[in-house]
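So the chains spell out like this:
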Amino acid sequence: MDEVKILPMEEKKKRSLNFVKLRFYLLMVITIILIFISIVAPYMVPNDPYATDIRGRNLPPSQEFLFGTDSHGRCVFSRVLIGARTSISAALMLVIITFVIGTTIGIVCGYYGGWIDNLFMRIADILLAFPDIILGIAVAGIIGGGLFNAMLALGLTGWTQYARVARSNVLTMKEDTFIQAARLSGNSDLRLLFRHILPNIIGVLVVIATLQIGTMMMGIAGLSFLGLGVQVPQAEWGSMVNSGRSYLQIAPWISLFPGLVMMVTIIIFNLFGDALRDFLDPRINNSS
Amino acid sequence: MSQPILEVHNIKKTFGKGKYKITAVDDVSFQIMPGEVLGLVGESGSGKSTIAKLITHLQKVDEGNIFFDGKDISNIKGKACLEVYKEMQMVFQDPVGSFNPRMKIGEAIKETLCHLCYNPKAMSKAHMKEAIVSLLKQVGLKSEYANKYPHQLSGGECQRAAIARAIAVHPKLLICDEATSALDVSAQAQIIELLMELEKSLDMAILFISHDLALVSCICDRICVLYKGQEVESGETKGIIEAPKHPYTKKLLSSVLQVDIGE
Ligand SMILES: Nc1ncnc2c1ncn2[C@@H]1O[C@H](COP(=O)(O)OP(=O)(O)O)[C@@H](O)[C@H]1O
Ligand SMILES: [Mg+2]
């Protein structure tokens, strides 16, 4: 703060404050629009996303088919729209559930230590010894295909990230002076954990969570490709990208558009995570 | 004479195991009378903060007993701690760090008030606000500081706020662990002055922990000198300053003199 800066302190603060807030609200609106679209997608599709047409296969983008048609003659644009629901809601749900479970386990382990800590951290170690996708394939293989089972398979390791980060943050934070002071103020363990420690570590966890949305989308897509996730006629971005692989040379739009939309979605969620982190940090954004 | 407010009997605390075992506090005993200011002096690492944490139950004693207001508090748990915190509070070395960075000063003080002083349900919002403002006033801070975050305050202001939070309960004993060490000289003097003022007006005892013998000898009735976790000398301030018995105290004193001459 004391380096060479042309702007005076107050003005600089005001500007960065506005920027942080503005960026956050903007990205929040975009994210909400995205989620809204994914919810109302079935009522917005221009063509039936499941109607096949042998003569209209691999058509390039046109007025009628904005993103062209796929190898079964289905409208790619309609399928991307309807697939948004599966991809976004499945990934979001998975992330929210693993976030809550993982964070709770992590802060309890970090705060209380002892056998609880040992138990969960050893389980996490075992789960992390396998590559994510291999474990997912194994689990989905055992309990069968389907979107729900794919989510279960991915969630099995998903919580460990939050648990580890939350735990290590709690471990360092619980020695902080303000935690000791809060204890002397008569706070209970529960309040200490959720009112004092959690708000101070949630920023990191939220950033992990938003990055996980992308990872989970791809995880679901990967399992779908192997026939262990979303089952065939149902539209889903990842499986659509994969279904277009054999036609990349003659009909690149089949893979290109779902891939592009997925990429943009992941980027938006990542940016939103960044903005949220800055917004939550009173050292960057002080709203007094 | 009346009963001591705090009595520490042969407390001991070790950290680590085997080769890495450190005896941070080794068989220390002292007592504080109501309204008295006791200085606890020693170099860095001599176990001063550990003693403060043992008394406030932030850490558990290995051996020995601590009596507060006649009751043995060495092994209390849960609710019983709250009862102790209603009469014993602490001010820490790091002023800004002793507040949750995401909580406004007012909220932090309100926590103490809600948990230890009043029944929050029986108290109106306006009344609570009034109580917070009057506490801030007592330590020389304006009411608008209630709506600031700790990082928006200077070290001295933050330490005032920490004192406001501590005296919210009207403690019988206030522990100040290096409460002025992180501050610049003028802020240090102001905080000391404030503490001495409050000590009289609230009639509380103070355990003043510091590495600075000169400072401690200015404000304390009695002094206890700590060296490597052991109590090497204790007694009336005057006696210790004029006729130190232990070589370590002499060393501390001579370093004070050297600094004085150097200035
Ligand atoms: N939680 C802890 N774990 C291990 N060692 C500790 C811990 N707290 C303090 N110590 C050790 O105990 C000794 C006394 O520390 P402390 O009470 O902080 O000293 P002071 O406050 O006088 O500087 C030091 O050697 C320190 O390394
Ligand atoms: Mg210390």
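Criteria and cut-off values
- Residues numbered from 1 in each chain as written.
- Chains lettered and ligands numbered in written order.
- Predicted model: local features only at pLDDT ≥ 70, side-chain atom pairs only at ≥ 80, totals over all residues.
- Heavy atoms only, no water.
- Contact = heavy atoms within 4.5 Å.
- Salt bridge = Lys/Arg side-chain N within 4 Å of Asp/Glu carboxyl O.
- Polar contact = N/O pair within 3.5 Å; in protein donor to acceptor, adjacent residues only side chain to side chain.
- Helix = DSSP H or I, 4+ residues; strand = E, 2+ residues; numbered from the N terminus.
- Nonpolar A, V, L, I, M, F, W, Y, C, P; charged D, E, K, R; others polar.
- Core = buried A, V, L, I, M, F, W, Y, C linked by side-chain atoms within 4.5 Å.
- Buried < 20%, exposed > 50% of the residue type's maximum accessible area, 1.4 Å probe, protein only.
- Domains from an automatic or database assignment.
- Buried area = accessible area lost by both parts, 1.4 Å probe.
- pLDDT = per-residue confidence, 0-100.
- Pairing = 2+ DSSP bridges.
- Axes fitted to C-alpha atoms, helices over the stretch in contact; angles between N-to-C directions.
- Patch = residues over 30% accessible without salt bridge, like charges linked within 9 Å, V, L, I, M, F, W, Y side chains within 5 Å.
- Areas by Shrake-Rupley, 256 points an atom, 1.4 Å probe, with all protein chains shown as cover.
- Parallel < 35°, antiparallel > 145°, perpendicular 65-115°, else oblique.
- Expected span 1.5 Å × (residues − 1).
- Arc of directions from axis to C-beta.
- Lys, Arg positive; Asp, Glu negative; His and termini not counted.

## What about the interface of chain B and chain A?
When the parts of a complex come together, some accessible area is lost, and that lost area is often taken as the interface size. Between chain B and chain A, the contact holds 25 residues from the first and 20 residues from the second. Counting across the interface, chain B meets chain A through two salt bridges. Linking chain B with chain A are 12 residue pairs in polar contact (both at pLDDT 80 or more). Breaking the side of chain B that touches chain A down by element, the ones donating at least two residues are helix 2 (79-85), strand 6 (88-91) and helix 3 (105-117) of chain B. Per element, the largest residue contribution to the side of chain B that touches chain A is five residues, and it comes from helix 3 of chain B. Its residues assigned to classes, the side of chain B that touches chain A comprises 10 nonpolar, 10 polar and five charged.

## Overview of the nonpolar core
Counting 68 residues, the largest nonpolar core has Ile88, Ile197, Ile201, Met217 and Trp237 of chain A as the members making the most contacts within it. Beyond its immediate sequence surroundings of up to four residues, Met217 of chain A is in contact with Ser87, Ile88, Ala91, Glu236, Trp237, Met262, Thr265, Ile266 and Phe269 of chain A.

## What about the environment of Ile202 of chain A?
Residue and element names in this part refer to chain A. Tracing the backbone through its elements, the reader meets Ile202 in helix 7 (residues 189-225). A relative accessible area of 23% places Ile202 in the partly exposed class. Ile202 sits 158 residues away from Met44 along the chain, and the two C-alpha atoms are 36 Å apart. Leaving out residues up to four positions away in the same chain, Ile202 has contacts with Phe99 and Leu280.

## A closer look at the domain arrangement of chain B
Residues and elements named next belong to chain B. Domain boundaries assigned for chain B yield domain 1 (1-87 + 171-245) and domain 2 (103-170). For domain 1 versus domain 2, the distance between C-alpha centres works out to 25 Å. Taken together, the 16 residues of domain 1 in the interface contact 12 residues of domain 2. Both sides together, the interface formed by domain 1 and domain 2 hides about 1300 Å², and carbon and sulfur atoms give 73% of it. The largest share of the area that domain 1 buries against domain 2 comes from Lys86, Pro171 and Leu194, three residues that together contribute 34% of it. Scanning the region where domain 1 abuts domain 2 turns up one residue pair in polar contact (both at pLDDT 80 or more). Among the elements of the structure, helix 2 and helix 6 (185-202) are those that each provide at least two residues to the side of domain 1 that touches domain 2. Here the side of domain 1 that touches domain 2 is composed, by residue class, of 13 nonpolar, one polar and two charged.

## Describing the confidence of the model for chain B
When pLDDT is averaged along chain B, the result is 91; 97% of the residues meet or exceed 70. Under the prediction, the complex receives an ipTM of 0.91, its pTM being 0.81.

## Description of the sheet that holds strand 8 (residues 205-210) of chain B
All names here are of chain B. Strand order in this open sheet of six strands is 6-7-8-3-9-10, and the pairing throughout is mixed. The sheet is open, and its two borders are formed by strand 6 and strand 10 (230-236), each paired with just one other strand. Between one strand axis and the next, the sheet turns by 15° as a mean value, whatever way the strands run. Note that strand 9 (residues 222-227) and strand 10 share six bridges and pair antiparallel. Bridging across to strand 10, Arg222 finds its partner in Glu236.

## Here we look at a nonpolar patch on the surface
All names here are of chain A. A grouping of Ile133, Ile134, Ile137, Phe225 and Leu226 is seen on the molecular surface, where their side chains present a nonpolar patch of about 420 Å² in accessible area. Residue contributions to the nonpolar patch peak at three residues, all from helix 4 (residues 132-143). Within the secondary structure, Ile137 sits in helix 4.

## Focus on the sheet that holds strand 2 (residues 22-32) of chain B
Adjacent strands of a sheet pair through backbone hydrogen bonds, lying either parallel or antiparallel. Residue and element names in this part refer to chain B. Strand order in the open sheet made by the four strands is 2-1-4-5, with antiparallel pairing throughout. Each of the sheet's edge strands pairs with one partner strand only, and the pair in question is strand 2 and strand 5 (71-72). Where strand 4 (residues 63-68) meets strand 5, two bridges bridge the pair, whose relative direction is antiparallel. Within strand 5, the residue paired with Phe68 across the bridge is Lys71. Along the sheet, helix 1 (residues 48-55) makes contact with strand 1 (6-15), strand 2 and strand 4, crossing strand 2 at roughly 65°.

## Describing the packing of helix 3 of chain B against helix 4 (residues 125-138) of chain B
Two quantities define a packed helix pair, namely the angle between the axes and the distance from one axis to the other. Residue and element names in this part refer to chain B. Contact geometry of helix 3 with helix 4 gives a least axis separation of 10 Å together with a crossing angle of 110°. The orientation of helix 3 with respect to helix 4, classified from their angle, is roughly perpendicular. Mapping the contact onto sequence places Ile105, Gly106, Ile109, Lys110, Leu113 and Cys114 in helix 3 and Met128, Ala131, Ile132, Leu135 and Leu136 in helix 4. Considering only residue class, the contact of helix 3 with helix 4 consists of nine nonpolar, one polar and one charged.

## Some points on helix 4 of chain B
All names here are of chain B. The terminal C-alpha atoms of helix 4 lie 20 Å apart, and with 14 residues this matches the ideal 20 Å at 1.5 Å per residue to within 8%. Buried residues of helix 4: Met128, Ala131, Ile132, Leu135 and Leu136, and no others. The arc enclosing the buried residues of helix 4, seen along the axis, measures out at 135°, which places them on a common side. In helix 4, the exposed residues that point more than 90 degrees away from the buried face are Ala126, Lys129, Glu130 and Lys137. Those residues of helix 4 hidden inside the fold are in contact with helix 3 and helix 5 (155-167). Within two residues after helix 4, Gly140 carries a phi angle of roughly 85°, on the positive side.

## As for the side chain of Asp26 of chain B
Residues and elements named next belong to chain B. Following the sequence through the fold, Asp26 ends up in strand 2. Of the side chains bearing the opposite charge, Lys12 lies closest to the buried Asp26, which forms no salt bridge; the N-O distance is 4.0 Å. In terms of polar contacts, Asp26 uses its side chain to reach the side chain of Gln230, at 3.1 Å. Among all residues touching Asp26, those that are not within four sequence positions of it are Ile11, Lys12, Gly229 and Gln230.

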